[in-house]
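One-letter residues, chain by chain:
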Amino acid sequence: MCTGKCSKCIGITLFPLAACAIVSNILLYFPNGRVLQLSEITDLVWFFHGILGAGILVILPAFMMLGAGGAGCCANRCGMLLSVVLAVLGFAGGAYCAVISSLGLIGGPLCDTGDGEYLYPFRNDTLEDNYLFNQTTWSICKEPENIILWNIVLFSILLAIGVIEAILCFIQVINGLTGFICGTCMKKRKVGMQ
């Protein structure tokens, strides 16, 4: 596959991933579909890892990747080089999303344990005692209802999206460097002289 076509395929793939990341991050603000006080929302949601990291920082390179494979002067080497720079930005956004999502999964949600006070009941657990591996501990959280499952599903989705985006952007870095050095494999058109 030519580097230009590969760039376009990666760019097209990144758009729905970025949209899913933005939606997943927004859903984390409304546990179980409820509107909560700002102080009752898990702190790692406020890092905007899905909106900014896996969303905006990935949409920017995706637009460039779509244009990098097109025709232009110098077999569009300048476009491929710019796509490399932006793909590094996209890689950073995907990696940021993956790291924050991992921390969100490990630390657990902010919830009411029944006494009306919101706290993090699962932070500082050892790996053996982690709530992810012991579903019986989920009953500790009384409010919001199903908050643990809500956080696990959405942080897992964001983790997967962040990893996939980081991998695709890394592939684009290699692809863009190849396209910059070797050209984009565009077929030469024969123009008849009359």
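The structure under discussion appears in the preceding block.
What comes next concerns the included structure. All values reported here derive from a predicted model rather than from experimental measurement.

### Thoughts on the overall build of the chain
In step 1: Within the chain, the secondary structure is distributed over 4 helices and 2 strands.
In step 2: Ordered by position from N to C terminus, the α and β elements of the chain give α-α-α-β-β-α.
In step 3: Buried positions account for 42% of the 194 residues belonging to the chain.
In step 4: When contacts within the chain are restricted to residue pairs at least 6 apart in sequence, long-range pairs at least 24 apart make up 77% of them.
In step 5: When the accessible surface of the chain is totalled, it reaches about 10,400 Å², and 70% of it is carbon and sulfur.

### Comments concerning the packing of aromatic side chains
To describe a pair of aromatic rings, you give the distance between the ring centres and the angle between the ring planes.
In step 1: Overall, the coordinates contain 6 aromatic pairs when judged by the stated rule.
In step 2: On the basis of an interplanar angle of 85° and a centroid distance of 6.4 Å, the ring pair of W46 and F48 is categorised as edge-to-face.
In step 3: Measuring from centroid to centroid gives 4.7 Å for F122 and Y131, while their planes differ by 25°, and the two rings are stacked. With respect to class, F122 is no different from Y131; both count as buried.
In step 4: Ring pairs connect the aromatic residues Y29, W46 and F48, which therefore count as one cluster.
In step 5: Of note, R123 hangs over the ring of Y120, and the distance from its end group to the ring centre comes to 3.7 Å.

### Digging into a nonpolar patch on the surface
In step 1: The grouping of L38, W46, F48, L52, I56, L60 and L89 at the surface amounts to a nonpolar patch, some 630 Å² of accessible area in total.
In step 2: Examined against the element boundaries, I56 turns out to sit in helix α2 (residues 49–68).
In step 3: Here I56 falls in the partly exposed class, since its relative accessible area comes to 42%.

### Overview of the state of the cysteines
In step 1: Following the criterion strictly, the structure yields 1 disulfide and no others.
In step 2: Between the sulfur atoms of C111 and its disulfide mate C141 the distance is 1.9 Å. Because the torsion about its S-S bond is -60°, the bridge between C111 and C141 counts as left-handed. Highlighted residues: C111 in strand β1 (residues 111–112) and C141 in the loop between β2 (118–119) and α4 (147–182), separated in sequence by 30 residues.

### A closer look at the nonpolar core
In step 1: Formed by 34 residues in total, the largest nonpolar core has its most connected members in L14 and I148.
In step 2: For this core, the secondary structure elements donating two or more residues are α1 (3–28), α2, α3 (77–107) and α4.
In step 3: The leading source of residues in this core is α4, at 10 residues.

### A short note on the packing of α1 against α4
In step 1: Relative to each other, α1 and α4 sit at 160°, their axes nearing to 9 Å. Between α1 and α4, the crossing angle belongs to the class labelled roughly antiparallel. The way α1 lies across α4 gives a crossing that is left-handed.

### Side note on unusual backbone geometry
In step 1: In this model, E143 is joined to P144 through a cis peptide bond whose omega is -15°.
In step 2: Along the chain, the position of P144 falls in the loop between β2 and α4.
In step 3: Residue N32 is not a glycine yet carries a positive backbone phi of 60°.
In step 4: If you trace the backbone, N32 turns up in the loop between α1 and α2.
In step 5: The backbone phi angle of F48 is positive, close to 55°, even though this residue is not glycine.
In step 6: With respect to the secondary-structure elements, F48 resides in the loop between α1 and α2.

Definitions and limits used
Residues numbered from 1 in each chain as written. Predicted model: local features only at pLDDT ≥ 70, side-chain atom pairs only at ≥ 80, totals over all residues. Heavy atoms only, no water. Helix = DSSP H or I, 4+ residues; strand = E, 2+ residues; numbered from the N terminus. Buried < 20%, exposed > 50% of the residue type's maximum accessible area, 1.4 Å probe, protein only. Contact = heavy atoms within 4.5 Å. Areas by Shrake-Rupley, 256 points an atom, 1.4 Å probe, with all protein chains shown as cover. Phe/Tyr/Trp six-rings, centres within 6.5 Å; stacked < 30°, edge-to-face > 60°. Lys NZ or Arg CZ within 6 Å of the ring centre and 35° of its normal. Patch = residues over 30% accessible without salt bridge, like charges linked within 9 Å, V, L, I, M, F, W, Y side chains within 5 Å. Salt bridge = Lys/Arg side-chain N within 4 Å of Asp/Glu carboxyl O. Disulfide = S-S within 2.5 Å. Core = buried A, V, L, I, M, F, W, Y, C linked by side-chain atoms within 4.5 Å. Axes fitted to C-alpha atoms, helices over the stretch in contact; angles between N-to-C directions. Parallel < 35°, antiparallel > 145°, perpendicular 65-115°, else oblique. Left-handed = near helix turned anticlockwise from the far one by under 90°.

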